[in-house]
Amino acid sequence: IYYKDARPGAWWDTRFRVEHEYILMFLKGDRTAYFDKSHMVSNVEKYKNKGTTRLTSGETVANTSGSEMSTKSQGTVFYYTPSKSERVEDSEIKRIHPATFPDAMASDMIRCFCPEGGIVLDPLCGSGTVCVAASESGREFVGIDLSEEYTGIAAARLAIRCPETEYEMRQV
């Protein structure tokens, strides 16, 4: 889940404000071909590991009170700065698209599920966030969109952020 730090709009008085979006991951086969979340593990100072630990057998074992854990792994809720507040050279172009998401989210997902030199497919490339993140992280990409306007936005962002990247834009 991507938690959006959304600001309330005028029409939210008739329903609850939507503060999250699902991050869908489609896999082929029984298990992920590649997964590396090491770039998302953060150091936590003096994190106290209290309570119990559940073993694979189902048993629980009491943790030693006060033991330290030096790292904290990413869970299932992702917190990113909303894309409209990103301070990057292509943000004005990106904002033309009505449904953007943070560059960091695309980068994190790509680095988790695609090895360097791999190919990333974005079947709804919109503003080109995934294409830019793939290029910047050493992956090739295929971006597809039905809208000529959106492929134009993606091409403009790639020209600014990744001028050395060779790519071809086609209208489908």
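Reading the values: the criteria
- Residues numbered from 1 in each chain as written.
- Predicted model: local features only at pLDDT ≥ 70, side-chain atom pairs only at ≥ 80, totals over all residues.
- Heavy atoms only, no water.
- Buried < 20%, exposed > 50% of the residue type's maximum accessible area, 1.4 Å probe, protein only.
- Helix = DSSP H or I, 4+ residues; strand = E, 2+ residues; numbered from the N terminus.
- Contact = heavy atoms within 4.5 Å.
- Expected span 1.5 Å × (residues − 1).
- Polar contact = N/O pair within 3.5 Å; in protein donor to acceptor, adjacent residues only side chain to side chain.
- Right-handed = clockwise from strand over helix to strand, strands pointing away.
- Salt bridge = Lys/Arg side-chain N within 4 Å of Asp/Glu carboxyl O.
- Phe/Tyr/Trp six-rings, centres within 6.5 Å; stacked < 30°, edge-to-face > 60°.
- Lys, Arg positive; Asp, Glu negative; His and termini not counted.
- Pairing = 2+ DSSP bridges.

## Some remarks on helix α2 (residues 103-113)
Every buried residue belonging to α2 is among Asp103, Met105, Ala106, Asp108, Met109, Ile110 and Cys112, and all of these are buried. Buried-residue contacts for α2 involve β1 (2-3), β7 (78-79), α1 (91-94), β8 (119-122), α3 (129-136) and α4 (148-161).

## Let's talk about α4
Look at α4: 20 Å from first C-alpha to last across 14 residues, which is about the 20 Å you get at 1.5 Å a residue. Where α4 is concerned, the buried positions are Thr151, Ile153, Ala154, Ala155, Arg157, Leu158 and Arg161. Tucked into the core, α4 has its buried residues touching α1, α2, α3 and β9 (140-143). The backbone nitrogen of Glu149 has a side-chain oxygen 3.2 Å away, supplied by the residue at the start of α4, namely Ser147.

## Focus on the pairing of β8
The alternating pattern of β8 places Val120 and Asp122 on a buried face and Ile119 and Leu121 on a face that is not buried. On the question of chirality, the crossover connecting β8 to the parallel β9 by way of α3 is right-handed.

## Thoughts on the pattern of salt bridges
This model, assessed by the stated rule, comprises 8 salt bridges. For the salt bridge of Arg157 with Asp90, the shortest nitrogen-to-oxygen distance reads 2.5 Å. Taken together, the residues Arg157 in helix α4 and Asp90 in the loop between β7 and α1 connect sequence positions 67 residues apart. Neither Arg157 nor Asp90 differs from the other in exposure class; each is buried.

## Considerations on the packing of aromatic side chains
Applying the stated criterion across every chain yields a total of 4 aromatic pairs. Seen in terms of ring centroids, Phe35 and Phe113 are 5.3 Å apart; in terms of plane orientation they differ by 55°. Their pairing is tilted. Of this pair, Phe35 sits in the loop between β2 (20-21) and β3 (42-49) while Phe113 sits in helix α2; the two residues are 78 residues apart in sequence, bridging distant segments of the chain. With a relative accessible area of 48%, Phe35 lands in the partly exposed category. Both rings, one in Phe78 and one in Tyr80, keep their centres 6.3 Å apart while their planes meet at 5°; by these two values the pair is stacked. Overall, the relative accessible area of 13% leaves Tyr80 in the buried class. Clustering of aromatic rings is evident, with ring pairs tying together Tyr2, Phe78 and Tyr80.

## What about the side chain of Asp145?
If you trace the backbone, Asp145 turns up in the loop between β9 and α4. Among buried charged residues, Asp145 stands out as having no salt bridge; its nearest opposite-charge side chain is Arg157, 11 Å away. Of the polar contacts made by the side chain of Asp145, one reaches the backbone nitrogen of Gly126; its length is 2.8 Å. Here the side chain of Asp145 touches Ser147 through a polar contact of 3.0 Å, landing on its backbone nitrogen.

## Focus: the pairing of β9
Sheet analysis places β8 next to β9, joined by 4 bridges and oriented parallel. Residue pairing in the sheet places Val120 in a bridge with Phe141 of β9.

## Let's talk about the sheet that holds β7
Across the sheet, 3 strands lie side by side as β2-β1-β7; this open sheet has mixed pairing. Two strands lie at the open edges of the sheet, namely β2 and β7, each paired on one side alone. Here β1 runs beside β2; their pairing, made up of 2 bridges, is antiparallel. Note that in β2 the partner of Tyr2 across the bridge is Glu21.

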